[in-house]
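Results of the structural survey
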Number of protein chains: 2
Amino acid sequence: MVGMGPGNIFDMTPRARRAIESAEIIAGYNTYIQLIPELVAGKKIIGTAMMQEVDRCQMAIDAAQRGFNVAVISSGDAGVYGMAGLIIEMILKLPENLQPKFEIVAGISAVNAAAAILGAPLMHDFAVISLSDLLTDWELIKRRVRCAAEGDFVIALYNPKSKRRVENIFEVQKILLEYREKNTPVGIVTNAGRNDERKIISTLENFTREEINMFSLVLIGNSKTFVKSNFMITPRGYENKF
Amino acid sequence: MVGMGPGNIFDMTPRARRAIESAEIIAGYNTYIQLIPELVAGKKIIGTAMMQEVDRCQMAIDAAQRGFNVAVISSGDAGVYGMAGLIIEMILKLPENLQPKFEIVAGISAVNAAAAILGAPLMHDFAVISLSDLLTDWELIKRRVRCAAEGDFVIALYNPKSKRRVENIFEVQKILLEYREKNTPVGIVTNAGRNDERKIISTLENFTREEINMFSLVLIGNSKTFVKSNFMITPRGYENKF
């Protein structure tokens, strides 16, 4: 299970690259596999569309049981909303003698990639929440947003919006406005580390007017976060020291 | 500002490596600089001990203003409790014509490195909290722990314990036990990705008996997290699909 990072060679660790290069079979979303054509050339691809995770993992496990070296790739970190959990669960349900050996390779996750582009918004405690309600009850997601707001966490929203799911982000905005100022900085990074990378710095009141899609990461500042020269910064608390 | 990742060459991105190699001057904690002797050989080092962050940043900025290419390195991700925020703040306070150009290079943060070692504990929403009360009010930290517990977030604790600060982790444990079962899985990874890496899987009731130090990352499971074959897994919610 390999985290490929944002989707370019320069932000992929040597450990991840070696895992992909040494694999005979690559499994992952087609969208992500296409980002690294030079690494997967000549290999067998188990490419599937979104939302076929279980099938893909099963095919990867079957191949590993037949003796192949398989890299199951996720964009970002395989361990953060990636494929690592599902595949480990499926492997550990097998009788021990049929379990293929596996290793998890961490990658730069979207929140870290986006933060580096926005400035330094993660200098203090933060919460990471996915707005996808395909597998998670929407009420639980909203409760988490509320708790993160109450704790004055910087909040990173994964999967903020998809073609079919456009309303969740507005509900989240409404909840957050109960707790934070209208002018709280909000950063949106779309396609971080890819050719069409886009950075927007907006406010809690206005950010839902910006283009947000399934390749966006939304970062909402805490009560101390500020914007200067188009950088978003959450101070750690050194102010009194200099 | 360069995030070097956990502290070995294999988990450092090519972008970070290139930034360090192309710098004439390296600034950072001595402890971390010593992890990458082959990359810093022959360079001028602005090495300082812990808690001299402001001095170190000032020296780095001075050198950059004199025309040198300076890499300010943090372990993990420069953007997560690293040096990125402080140095950007200090640079942006300067008159525009005196501001050196800068770039932030993300790295694998401790929470991601630890998760990969523990299994797949971050498959669902999580909160990242530092227990260091040097720069943050202890009451605020405790409030965040409480909010994260209420939201059933997986919780990653940075700086869980230092030589001078040994009690905070017990207070946190006590708060969490109000919200979560005694047998909630807790993972402790010390020196992730370094020679003396150590992984422990314990429970919320017992984890404070284990060795925890300033190089440890503590990961507390949510209500669904389970342990199997010494792996810690937080299910994403695919159970009904396979």
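What comes next is a walk through the structure. (Residues numbered from 1 in each chain as written. Chains lettered and ligands numbered in written order. Predicted model: local features only at pLDDT ≥ 70, side-chain atom pairs only at ≥ 80, totals over all residues. Heavy atoms only, no water.)

1. Looking at the overall build of chain A
Assigned secondary structure in chain A consists of eight helices and twelve strands. A globule of 242 residues ought to have a C-alpha radius of gyration of about 18 Å, and chain A, at 19 Å, matches this closely. Each principal axis of the C-alpha distribution contributes one length, and for chain A these read about 55 × 40 × 35 Å. The buried share among the 242 residues of chain A stands at 60%. Counting only contacts in chain A whose residues sit at least 6 apart along the sequence, the fraction spanning at least 24 positions is 67%. Of note, chain A has its 28 positive side-chain charges centred 2 Å away from the centre of its 27 negative side-chain charges. (Helix = DSSP H or I, 4+ residues; strand = E, 2+ residues; numbered from the N terminus. Rg over C-alpha atoms; globule rule 2.2 N^0.38 Å. Buried < 20%, exposed > 50% of the residue type's maximum accessible area, 1.4 Å probe, protein only. Contact = heavy atoms within 4.5 Å. Lys, Arg positive; Asp, Glu negative; His and termini not counted. Charge placed at Lys NZ, Arg CZ, Asp CG, Glu CD.)

2. Section: the interface of chain B and chain A
In this assembly, 68 residues from chain B lie in contact with 68 residues from chain A. Buried surface at the junction of chain B and chain A, both sides included, amounts to about 6600 Å², of which 61% is carbon and sulfur. Counting across the interface, chain B meets chain A through six salt bridges. Here chain B is connected to chain A by 26 residue pairs in polar contact (both at pLDDT 80 or more). The element contributing the most residues to the side of chain B that touches chain A is helix 5 (residues 84–92) of chain B, with seven residues. (Buried area = accessible area lost by both parts, 1.4 Å probe. Salt bridge = Lys/Arg side-chain N within 4 Å of Asp/Glu carboxyl O. Polar contact = N/O pair within 3.5 Å; in protein donor to acceptor, adjacent residues only side chain to side chain.)

3. Section: the relation of the copies chain B and chain A
Turning one copy of the chain about an axis and sliding it along that axis gives the other copy, so a rotation and a shift relate them. Note on the identical chains: chain B maps onto chain A by a rotation of 180 degrees and an axial translation of 0.0 Å, with an RMSD of 0.0 Å. Accordingly, the operation relating the two chain copies is best matched by a two-fold axis. A share of 100% of interface residues in chain B that are also interface residues in chain A marks the association as one of identical surfaces. (Least-squares fit on C-alpha atoms with pLDDT ≥ 70 in both.)

4. Concerning helix 8 (residues 168–179) of chain B
Residues and elements named next belong to chain B. Taking 1.5 Å of rise per residue, twelve residues should cover 16 Å, and helix 8 covers 18 Å from first to last C-alpha, within 8% of that figure. Listing the buried residues of helix 8 in full gives N168, I169, V172, Q173, I175 and L176. What you see down the axis of helix 8 is that its buried residues fit within an arc of 165 degrees, all on one side. Relative to its buried face, helix 8 has exposed residues pointing more than 90 degrees away, namely K174 and E178. Buried residues along helix 8 sit against helix 7 (138–150), strand 7 (154–158) and strand 10 (216–220). (Expected span 1.5 Å × (residues − 1). Arc of directions from axis to C-beta.)

5. Some details on the sheet that holds strand 5 (residues 119–120) of chain A
All names here are of chain A. One open sheet holds the three strands; their spatial order is 5-12-11, and the pairing between them is mixed. Strands at the two margins of the open sheet, each flanked by one partner only, are strand 5 and strand 11 (226–228). Across three bridges, strand 11 lies against strand 12 (residues 231–233) in antiparallel orientation. Considered in strand 12, the bridge of K228 is made with F231. (Pairing = 2+ DSSP bridges.)

6. So, the pattern of salt bridges
The tally for this structure, following the rule as stated, stands at 19 salt bridges over all chains. Ionic pairing is found between B:D125 and A:R144, a salt bridge with its closest N-O pair at 2.8 Å. Separated into two different chains, B:D125 in the loop between strand 5 (119–120) and strand 6 (126–130) and A:R144 in helix 7 (residues 138–150) make up a pair that spans both. Neither B:D125 nor A:R144 differs from the other in exposure class; each is buried.

7. Thoughts on empty space enclosed by the protein
To locate leftover empty space, one rolls a probe as large as a water molecule over the atoms. Inspection of the entire model under this criterion finds one cavity of 30 Å³ or more. There is about 50 Å³ of room inside the largest cavity. Lining the largest cavity we find 13 residues, and of these A:V111, A:N112, B:V111, B:N112 and B:F126 sit closest to its centre. Those elements that provide at least two residues to the lining of the largest cavity are helix 6 (110–118) of chain A together with helix 6 (110–118) and strand 6 of chain B. Considered class by class, the residues forming the lining of the largest cavity number nine nonpolar, four polar and no charged. (1 Å grid on protein atoms, 1.4 Å probe; cavity = no way out; pocket = protein on both sides within 12 Å on 5 of 7 lines; lining within 4 Å. Points joined across faces, edges and corners; volume = space filled by probe spheres on them. Nonpolar A, V, L, I, M, F, W, Y, C, P; charged D, E, K, R; others polar.)

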